[in-house]
Amino acid sequence: MEPILNLAGISKQFPGVKALDNVDFFLCPGEVHALMGENGAGKSTLINIISGLLQPSSGKIYLAEREVSFGGSSEAQKAGISTISQEFNLVPGLTVAENIFLGREPTSRSGLLNWREIRQRAKEVLTELGLNVSVNQRVEYLSVGDRQLVEIAKALSLEFRIIMMDEPTAALNATEVGRLFEIVQKLKRRNKAILYVSHRLAEVFRIADRVTILRDGKRVDTRPLAELSEDDVVTMMLGRALKRAAAVDAAPASIERPALAVEELAVRGFLSSISFALRFGEVMGCAGLVGSGRYELAQALFGLLPISHGRIEVNGKRESLRSPIVAIHRGIYMLPEDRKVEGIFPDLTVLGNVVISARHLGSLTSRFFIRASDERKRYESMRSSLDIRATSPAQGITKLSGGNQQKVMIGRALVSQSRILLLNEPTRGVDIKTKLEIHSVIRRLARERYAVMVSSSDVPELVSVSDRCIVLNAGRIAGLLNKEQISEDNITALAIGTRISKNPNE
Amino acid sequence: MNETSGNRHKGSRFPDVNVLDFITRYFIQSLLIVVAVALSLLNPYFRTATNLQNILLQASFSGIGAAGMTLLIVSGAFDLSVAGLLGLCGVILAKLIPDIGITPAIATSLVIGFALGSLNGLVVTKLRIPAFIATLGMMNIYVALAFIWSGGEVIPVSEVTFQFLGTGTLLGVLPVPFVIMILTYLLCQGILSRTLFGRYLRAIGSNEIAGRTAGLPVDIIRIIAFAIVGSCTALAGTFLTAELSSANAIMASGYELTVIAVVVIGGTSLKGGKGTLFGSFAGALFFAVINNALNIFGVGAYWQYVVTGLFLISALGVQALRSSILTVE
Amino acid sequence: MSDHEKELGREAVPKLEALAHFIQVFESLGVLVLLVALVVVASIIAPGFSTYTNIANTIIMASITAATGLGMTFAIAVGGFDLSVGSVQALTAIVVASLLAVASVPLAIVGALLTGLLLGLFNGVIISKLKIPAFVVTFGMMSIVRGVALLATQGQSVMITNHPDFATLNNGKILAIPVPFIIVLMVLAALYLILHHTPFGRHTCAIGGNRAAAIASGINVDRVTIAVFGLVGVTAAISGVMLSSQLMIVDGTLGTGLELQAIAISVLGGTSLSGGNGNLVGTVLAALLLATIASALNILKVAAFYQYLFVGVLLIFALSIDTVRRIIVEKSTLSRA
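Reference entry: report on the structure contained in this document.

The rules behind the values
- Residues numbered from 1 in each chain as written.
- Chains lettered and ligands numbered in written order.
- Predicted model: local features only at pLDDT ≥ 70, side-chain atom pairs only at ≥ 80, totals over all residues.
- Helix = DSSP H or I, 4+ residues; strand = E, 2+ residues; numbered from the N terminus.
- Contact = placed C-beta atoms within 7 Å.
- Buried ≥ 20, exposed ≤ 12 C-beta atoms within 10 Å, placed from the backbone.
- Pairing = 2+ DSSP bridges.
- Axes fitted to C-alpha atoms, helices over the stretch in contact; angles between N-to-C directions.
- Nonpolar A, V, L, I, M, F, W, Y, C, P; charged D, E, K, R; others polar.
- Core = buried A, V, L, I, M, F, W, Y, C linked by C-beta atoms within 7 Å.
- Domains from an automatic or database assignment.
- Parallel < 35°, antiparallel > 145°, perpendicular 65-115°, else oblique.
- Left-handed = near helix turned anticlockwise from the far one by under 90°.
- Expected span 1.5 Å × (residues − 1).
- Right-handed = clockwise from strand over helix to strand, strands pointing away.

1. Observations concerning the overall build of chain C
When its secondary structure is counted, chain C shows 14 helices and four strands. Within chain C, residue pairs in contact and separated by at least 24 positions form 81% of the contacts whose partners lie at least 6 positions apart.

Next up, the structure:
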């Protein structure tokens, strides 16, 4: 079968990192082609290039044998490429039928909407997908799985030739996954080319015909799934020459009260039966795929999400963490996942961003007025201990590189004088050198008797810094790994849902 | 503030953006001086001491309110109820003076301004209604209350000492309200740049979500900002009442427009996160100069409406264009 | 559903969905029920309320506000507000009054409507091309247009003397229904058709409901926005024409506070501030509600300023309910990863 999409020698260079390195890729009609790889392997970049959101630095794209270049996502859409994204492009207040035909509604001669045609065609498409929902139902009342299917229906009715799905099952329950897979089969029969990105091994083996594995921006291999076993795929993803984890300083076992003790914690819709203890002087890793509830756990521990069940004990005392202010009061601080959205104050200086969470105890004047010399001292100590590269404390924060901005965020956490730190994606968007610096900072914090939880999608990172590691899967703890058991294979296996190997370091 | 040279960042499209930035940063101040000088040369009456004093006097009414409004806008919110709030506080003041004396009456009026501002803040934060529309509704309530309290009439104030506040001068030259305006701006500038609260205002205006994640008491900060606006407005109302020797419910009709226009043309961005009190100060003077000029040249008072609105929209347009020019990609 | 999913609380979605649905239905019916209840109460406690004349006058009062309210509902649906409608009403009233001195009635009305349209389109252009929030732009325009209205009349009034029959636009009755209300019903029908049965109307709701999705679907957001604000301008002009026909003497101070009333009746009528939808029928019902209360208070000799107070409190109340509604919708979409 001739490929409908062909990528030849695609490379994408970002400042400081080569996201894709000479990648060849193709999609055939009537075939499900899975794309797998660790985080940072380049999957998202590849999808973004195909969907027109990004331009390749070099290489060519051929659509139906003709060379193309997409100036933006709408151009790619017009060419017949659709992306089913995590953020659904549906209008909640409109009905299913209205959403499917949004922007190209059929009208009668008078200019009014031709409801009969709209409803009929919408019904056709829905029936074909096996979606048992009224076309007049407002999208806002549909479940997540149903909404996703409406989005697929929309792509279908637009006669897309290529459909790309990025972690489509992240938010679905088992029944909905089954239904999605039936629909994917139908799409195959309609000769659509489907690009399926997922971490979930079992699902990929169930639904895909072919798999391409990326690692560090390079294509490792492209093979029909019939020729491979699960272990083969995981091996290709992780690679033979795996950088072995640096020797982890053994933090002395602590016999004191745990810093944070969580028992049967549940957050409605995200987590259930979470129990673990975080001790002072240790780094606890928290692993899990998209949708496993990792971030929601941190948010719940920081008072940003309400708890529907269970108890939290801080320093042995039962606490109700109703808000971040309360959490900080109890000595807990959280580093948010996305510093651009939830962390950085773009209009403040570097100094302002570092000291914003400082607790001001003591005299009235110190709680009210800015003590410039105090602040400068605090900033200096953070700057030197974290090696923040800024020309001066008064520099605008947006002028700093991503790595330095992240260091500022960590500095902010330390300035708050909280001893329990919840670090989320601590090295996201950070260059390699800074990443290593941050890792050594995390280890140092453990030595200094902080209690640190590092929640990350970067498995090697977790291996590198953790003393122990919990792995979440679909809102539950899939496993708790002790020092000896921590390895990329074990973490990945638990996160994906396959069984853990007896000998972790083979 | 100054861009450090030698930083090879992703360069901006305009290499001399520093100069452009500087000019637009002190735009209103430069414009003010240019216009004032031009008018002084064009019209002999304009440059008389009486007239200049009058300009300073007129500037102070909107200027004092604009100080508080600047802080609120920096925090990312607006208050459209200030006209009603001023009228209400003025009426209460005028009615209380004969009964409890000047100073207690002024104090009460300020406290009520603070309380009403806090009420605005509560409605916005606790009821989660968008600020501009919540305060629009509160405006109605305040004006109505002012009408009710005043019986729809003008309440005269005859105490001479009080009238001095509006009509007298200090150091022989500066009108009292203008001196208070200077003090208010100094106070607000101090709050904004030297207190933690001021930094928190800028923080939540810059990124409210980050503010919550950083453990800032966002709601309380907002409420206090609204309360400051209320107090400044009540303060302005005190002097307006003194100048008019009377108070009535609609004595500050259109006040919210003038105050917001002053802040915007002063250079404070409506998006929040940063602001310039110096700019608002100059903006208040600028509008006073323009209105004064319109009067002198015999142009009808109605032009003020048009002019104020035009300046507001133009200033917003300039801000919008400026942020798209200075956006670095 | 598996036990695990039950634990995660996925069944919460149907409960919240039912609640949101209930509130929606409650709103549409609620205003009607409230209106009927209020009319009954008013008839009892306010002697003279239920006379034909009074009810007709109440309906006429409601119509003038309702016309603009319908336009405002459209603006809220697209995700914006128009604070200049009061000033536009004044200016268009002056335009029609002035034109009546030299032209025929139809021409004068067309002139006024055109004025409203142009002002609205101008708003729309500034909002979409300069990307400045709607409420600030219309806030500034509110002042500019008011100034123009006052300047044009030099603060004086304009009397309509040439066409005394112009007043029938206000006083006339068709089948015992006051003409202004018939006009409102026609506007309602037209706007309802546009909002629910044309692509333009659906696009309006899409932009207000999920702007990114609208853009991704190829909708020309700028064009739709400009058209919507043009529409608002026209409805404000309709109100202006109706008002001038009622007063037969207009000046530049008319219409103060109209924007607030228009927003209040839209929200009260069930249109959510978050945009994406518009309850046009609800707006008209809410206008009648407001007019009924005003009329009853008038009869009871309650001072005008209490009514003013009441509108403000009512708006805050309506907005609070909207907040509750928005929170429920947020929570029901929360249970997705």
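2. What about the overall build of chain B?
Within chain B, the secondary structure is distributed over 14 helices and four strands. With respect to the three principal axes, the spread of C-alpha positions in chain B is 65 × 55 × 35 Å. Counting over 329 residues, chain B shows a buried share of 55%. The contacts in chain B between residues at least 6 apart in sequence include a share of 80% that link residues at least 24 apart.

3. Overview of the sheet that holds strand β1 (residues 5–14) of chain A
Residue and element names in this part refer to chain A. An order of β2-β1-β4-β5 is seen for the four strands of this open sheet, with the pairing classed as antiparallel. Strands with a single pairing partner mark the edges of an open sheet, and in this sheet they are β2 (17–27) and β5 (66–68). Averaged over neighbouring strand pairs, the angle between their axes works out to 30 degrees when direction is ignored. Relative to β2, β1 runs antiparallel, the two being bridged by seven bridges. By the bridge assignment, phenylalanine 14 is partnered in β2 with valine 17.

4. What about the interface of chain C and chain B?
Each side of the interface is counted separately: chain C has 34 residues, and chain B has 34 residues. Residue assignment for the side of chain C that touches chain B shows that the elements contributing at least two residues are α6 (134–153), α12 (258–268) and α14 (304–332) of chain C. With 13 residues, the single largest contributor to the side of chain C that touches chain B is α6(C). Classifying every residue of the side of chain C that touches chain B by side-chain character gives 24 nonpolar, eight polar and two charged.

5. Observations concerning the interface of chain B and chain A
Listed per partner, the contact involves 20 residues of chain B and 24 residues of chain A. For the side of chain B that touches chain A, the secondary structure elements donating two or more residues are α9 (196–206) and α10 (208–213) of chain B. Of the residues forming the side of chain B that touches chain A, the biggest block, five residues, is contributed by α9(B). Taken together, the residues that form the side of chain B that touches chain A break down as six nonpolar, nine polar and five charged.

6. Here's the deal with the sheet that holds strand β11 (residues 260–267) of chain A
All names here are of chain A. Strand order across the open sheet formed by four strands is β12-β11-β14-β15, with antiparallel pairing between neighbours. Of all the strands in the sheet, just β12 (271–278) and β15 (317–319) have a single pairing partner and so form its edges. Ignoring strand direction, the axes of neighbouring strands in this sheet form an average angle of 25 degrees. Pairing of β11 with β12, which is carried by five bridges, proceeds in the antiparallel orientation. Residue pairing across strands places valine 267 opposite leucine 271, the latter belonging to β12. Where helix α9 (residues 294–301) meets the sheet, its contacts fall on β11, β12 and β14 (309–314), and the angle it forms with β11 comes to roughly 115 degrees.

7. Points about the nonpolar core
Grouped together as the largest cluster of nonpolar side chains are 382 residues, with contacts concentrated most on Val452(A) and Ile491(A). Sort the elements by how many residues they give to this core and helix α11 (residues 218–244) of chain B lands first, with 16 residues. Built from parts of two domains, this core gets at least three residues from each of domain 1 (5–238) and domain 2 (260–496) of chain A.

8. Some thoughts on the packing of helix α3 (residues 52–78) of chain C against α12(C)
All names here are of chain C. The contact between α3 and α12 brings their axes to 8 Å, and the two run at 70 degrees. Between α3 and α12, the interaxial angle falls into the category roughly perpendicular. Taken as a pair, α3 and α12 cross one another with a handedness that is right-handed. Only Leu258, Gln261, Ala262, Ile263, Ile265 and Ser266 of α12 make contact with α3, whose side of the interface consists of Thr65, Thr68, Gly69, Met72, Thr73 and Ile76. Counted by class, the contact of α3 with α12 contains six nonpolar, six polar and no charged residues.

9. Overview of the environment of Leu130(C)
Inspection of the secondary structure puts Leu130(C) in the loop between α5 (105–129) and α6. Using a count of 16 C-beta atoms within 10 Å as the deciding quantity, one classes Leu130(C) as partly exposed. Taking C-alpha positions, Leu130(C) is 24 Å from Leu114(C), a pair spaced 16 residues apart along the chain. Sequence-distant contacts of Leu130(C), that is, excluding residues within four places in its chain, are made with Gly317(B) and Ala320(B).

10. As for helix α11 (residues 221–247) of chain C
Residue and element names in this part refer to chain C. The end-to-end C-alpha distance of α11, which contains 27 residues, comes to 39 Å, matching closely the 39 Å that a straight helix rising 1.5 Å per residue would cover. In terms of burial, α11 is a largely internal element, 22 of the 27 residues being buried. At the exit of α11 stands methionine 248, carrying a positive phi of roughly 60 degrees.

11. Here we look at the environment of Ala56(C)
With respect to the helices and strands, Ala56(C) occurs in helix α3. Once the C-alpha coordinates of Ala56(C) and Leu151(C) are considered, the two residues, 95 residues apart in sequence, prove to be 35 Å apart.

12. Some points on unusual backbone geometry
Positive phi values are uncommon outside glycine, yet Ala64(A) reaches one of about 50 degrees. Note that Ala64(A) resides in the loop between β4 (58–63) and β5. Of note in the backbone geometry, Gln154(C) takes a positive phi value of approximately 50 degrees without being a glycine. Structurally, Gln154(C) can be placed in the loop between α6 and β1 (158–159). Of the residues examined, Gln154(C) has 10 C-beta atoms within 10 Å and is grouped as exposed.

13. Re the environment of Gln485(A)
Along the chain, Gln485(A) turns up in the loop between β20 (476–481) and α18 (488–496). A sequence separation of 364 residues divides Gln485(A) from Arg121(A), and the C-alpha atoms of the two residues are 55 Å apart.

14. Some words on helix α5 (residues 102–126) of chain B
Residue and element names in this part refer to chain B. For α5, which comprises 25 residues, the first-to-last C-alpha distance of 35 Å matches the rise-based estimate of 36 Å (1.5 Å per residue) to within 8%. Within α5, the full set of buried residues consists of Ala105, Ile106, Ser109, Leu110, Gly113, Phe114, Leu116, Gly117, Asn120, Gly121, Val123 and Val124. Where α5 terminates, the next one or two residues include arginine 128, which has phi positive at roughly 50 degrees.

15. Notes on the pairing of strand β17 (residues 420–424) of chain A
All names here are of chain A. Buried residues dominate β17, accounting for five of its five residues. As judged from the four bridges shared by strand β16 (residues 332–335) and β17, these two strands associate in the parallel manner. Bridge pairing links leucine 335 to leucine 423 in β17. The sheet contact formed by β17 and strand β18 (residues 451–455) spans five bridges and is parallel. Each bridged residue has a counterpart across the sheet, and for asparagine 424 the counterpart in β18 is serine 455. Handedness of the crossover joining β17 and β18 through helix α16 (residues 432–447) is recorded here as right-handed.

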